[in-house]
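Commentary on secondary and tertiary structure
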Amino acid sequence: MQRNRKEYKGIIFDLDGTLIDTLEDLADSVNEALEKMGYPVWTVEDYRFKVGRGFRNLMENSVPETMREDKNVIDQMLNLFVEAYDRRYMDKSRPYKGIDEILDRLTAKGVPLAVNSNKRTDYTEKLIDKLFHRIPFVGVFGERNGVPRKPDPAGALELCERMGLKPEEVLYVGDSGTDMKTGKNAGMDTIGVGWGFRGFPELRENGAIYLAKIPEDILKILETGGALG
């Protein structure tokens, strides 16, 4: 569909399912915690629809349904999960194919880039530092005390201010409905990526402005102002 050209100058990325495939390390760590608690485990594919809303929410969605309102159980699970994830969060997590190249090309163009995740800040920063240390992100935000999680737009708008740009000049890129809502709430056009955890149906249902089948599509949308998106 032909669209009017817009001038996009910056990009904010989600982390898990967008830049990095972290699903197996997350799944393995939650399953280790579940086993220690004596609860049934889930498949890696099951976790595609459990992750993305912070670690506590992940625990609540992974324990048996009758345990989900038990604060003590969730606290125990969270402690066991973090213990496991500390050991293995870099075991299998890698950038998606084509992401390294696109980030390098965007950096070479002088496009301001940032990361906004619901993952705990320390893990978010460590993963970015390990895998993308050469990329000069203007900010790398994870879950922070006093700042509401996505889809609240607070983090996205703070990153936009750091870029010195208006929200309408920034593209918000993610793989989930939560990301599409975050971008919309922040007044930013959104790109839903198809290689992540959720898939195009959820992205469409949550108002994705553009859809990217491969990382190269992100660059094309930026360069064309979405005219061919």
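Each value, and the rule that gives it
Counting restarts for each chain, with residues numbered from 1 along the sequence as it is written. For a predicted model such as this one, the threshold for reporting local features is a pLDDT of at least 70, and the threshold for listing and counting side-chain atom pairs is 80 or more; totals across whole chains, interfaces and linings nevertheless cover every residue. Values shown for side chains rest on all heavy atoms present in the structure; no hydrogens or waters enter the calculation. Within this scheme a cavity is a closed region of a 1 Å grid, computed over the protein atoms alone, that accommodates a 1.4 Å probe without allowing it to escape, whereas a pocket is open but has protein on both sides within 12 Å along at least five of seven lines; lining residues each have an atom within 4 Å of a point. Grid points are joined across faces, edges and corners, and a volume is the space filled by probe spheres set on the points. Here a strand is any run of E in DSSP of at least two residues, a helix any run of H or I of at least four, and the numbering for each starts at the N terminus. Residues are sorted three ways: Asp, Glu, Lys and Arg are charged, Ala, Val, Leu, Ile, Met, Phe, Trp, Tyr, Cys and Pro are nonpolar, and all the rest, Gly among them, are polar. Relative accessibility decides the category of a residue: with a 1.4 Å probe and only protein chains considered, values under 20% of the type maximum give buried, values over 50% give exposed, and everything between is partly exposed. Definition of a polar contact: a pair of N or O atoms within 3.5 Å, with one able to donate and the other able to accept a hydrogen when the atoms are protein atoms, and with sequence-neighbouring residues admitted only if both atoms are side-chain atoms. Here the expected span of a helix is defined as 1.5 Å times the quantity of residues minus one. Should any heavy atoms of two residues lie within 4.5 Å, those residues are counted as being in contact.

1. Points about empty space enclosed by the protein
Counting across every chain of the model gives two cavities of 30 Å³ or more. Considered as a void within the structure, the largest cavity measures approximately 220 Å³ in volume. Together, 19 residues line the largest cavity, and Asp16, Val51, Gly52, Arg53 and Lys119 are the ones closest to its centre. Residue assignment for the lining of the largest cavity shows that the elements contributing at least two residues are α2 (55-60), β4 (113-120) and α7 (177-186). In terms of residue count, the dominant contributor to the lining of the largest cavity is β4 (three residues). Partitioning the lining of the largest cavity into residue classes produces five nonpolar, six polar and eight charged. Put simply, the second largest cavity is a space of about 80 Å³. Lining of the second largest cavity is provided by 13 residues; of these, Asn116, Gly142, Val147, Pro148 and Arg149 occupy positions nearest its centre. Only β4 and β5 (139-143) provide two or more residues apiece to the lining of the second largest cavity.

2. Notes on the side chain of serine 117
Relative to the assigned elements, serine 117 resides in strand β4. The class of serine 117 is buried, set by a relative accessible area of 4%. Here lysine 119 takes part through its backbone nitrogen, which lies 2.8 Å from a polar atom of the side chain of serine 117.

3. A short note on helix α3 (residues 71-88)
If you check α3, its first and last C-alpha atoms are 25 Å apart, about what 18 residues at 1.5 Å a residue would give, namely 26 Å. Contacts made by the buried residues of α3 are with α1 (23-37), α2, β4 and α5 (121-132). The N-cap of α3, judged by a side-chain oxygen 3.0 Å from the amide nitrogen of asparagine 72 a few residues on, is aspartate 70.

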